Amino acid sequence: MLVRSGAALVACRVADAAGLVAALASADEALVDGALRAVEFAAEERRVAAAPPLVDALRRLFAHGDGGCRRRALRCAARCGWLDGGSAALRELSGLAADPHAGVRAEVLACVAELRRRGGLEAAELGGVAQFALGALRDDDEKVATAACEVLRDVARAALEGDGLARQLLAASLPQLCLLYTSPSPRDATLSRMPSSA
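Because the structure is predicted, anything quoted here is derived from the model rather than measured.

Caption draft 1: Examining the environment of Glu107 more closely. Within the fold, Glu107 resides in helix H6 (residues 102-118). Using a relative accessible area of 10% as the deciding quantity, one classes Glu107 as buried. In the structure, Glu107 is positioned 29 residues away from Ala78 in sequence and 9.6 Å away in space, judged by C-alpha atoms. If near-sequence neighbours (up to four positions away) are discounted, Glu107 is found in contact with Arg71, Leu74 and Arg75.

Given below as structure tokens:
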């Protein structure tokens, strides 16, 4: 498959995971970008299989200096089977939760939601997930706050459908959700907009 990135033409065969791994580890930004595009394309076409070396190369990009590259690597890793690691993936996500790039924080929330849907969260992890999603509701970036709402909406829907873990997560989140609902600003849970007689 050929992927154009800027002035460079990057040749990556999806079947050749070793070529993609090498391109992702390159110091050439155009080559890294092209390899990410190849993985994104293959993932959309469902033509990429979970390959530990490929996932490891993507995970190394979580520390890349460019936030857009970190976001894309996170999305690609999730589509290439990284989330199958359950608790290990959640620990790595928690390290990315405070990333300065809003796109990375929103992608972290999407990964957390996918982990929950797959049943990759253990009961002991639910409290931390609830705190993270609630904190993200107050994020300065609207996309991150919206992604947090989608996570909590998904949890509420699952709780209504009888998912016991989702019920626990929702129960742990309910007091703070009520404060957010009654605050003058959706992101300011310190004041209530409800009258004192209510």
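Past the structure itself, the notes keep going.
Caption draft 2: A look at helix H7 (residues 126-137). Between its terminal C-alpha atoms H7 stretches 17 Å, which fits the 16 Å expected from 12 residues at 1.5 Å a residue. Every buried residue of H7 is listed here: Leu126, Val129, Ala130, Ala133, Leu134, Ala136 and Leu137. Taken end-on, H7 shows its buried residues confined to a sector of 160 degrees, consistent with a single buried face.

Caption draft 3: Focus on the environment of Ala42. By secondary structure assignment, the location of Ala42 is in helix H2 (residues 29-44). Look at Ala42 and you get buried, because its relative accessible area is 1%.

Caption draft 4: Just the nonpolar core, in detail. In terms of nonpolar packing, the biggest core is built from 43 residues, with Leu36, Leu54, Leu58, Leu74, Trp82 and Leu93 touching the most fellow members. Among the elements that take part in this core, helix H4 (residues 67-79) stands out by supplying six residues, more than any other. Non-local contacts of Leu74, meaning those with residues more than four positions away in its chain, are made with Phe62, Trp82, Leu93, Leu96, Val104, Glu107, Val108 and Cys111. In this structure, Ala102, Ala106, Ala133 and Leu137 belong to the second largest nonpolar core, which totals 13 residues.

Caption draft 5: Molecular detail of the pattern of salt bridges. All told, the structure shown has 11 salt bridges when counted by the stated rule. A salt bridge links Glu40 to Arg72, with the shortest nitrogen-to-oxygen separation between them at 2.9 Å. One end of the pair, Glu40, is in helix H2; the other, Arg72, is in helix H4, with 32 residues separating them in the sequence. The class for Glu40 is buried, based on a relative accessible area of 14%.

Caption draft 6: Expanded view of helix H3 (residues 52-60). Among the residues of H3, Leu54, Val55, Ala57 and Leu58 are the ones counted as buried. One side of H3 carries all its buried residues, which in axial view fall inside an arc of 160 degrees. Exposed positions of H3 whose direction lies more than 90 degrees from the buried face are Pro52 and Arg60. Buried residues along H3 sit in contact with helix H1 (17-24), H2 and H4.

The rules behind these values
Residues numbered from 1 in each chain as written. Predicted model: local features only at pLDDT ≥ 70, side-chain atom pairs only at ≥ 80, totals over all residues. Heavy atoms only, no water. Helix = DSSP H or I, 4+ residues; strand = E, 2+ residues; numbered from the N terminus. Buried < 20%, exposed > 50% of the residue type's maximum accessible area, 1.4 Å probe, protein only. Contact = heavy atoms within 4.5 Å. Expected span 1.5 Å × (residues − 1). Arc of directions from axis to C-beta. Core = buried A, V, L, I, M, F, W, Y, C linked by side-chain atoms within 4.5 Å. Salt bridge = Lys/Arg side-chain N within 4 Å of Asp/Glu carboxyl O.

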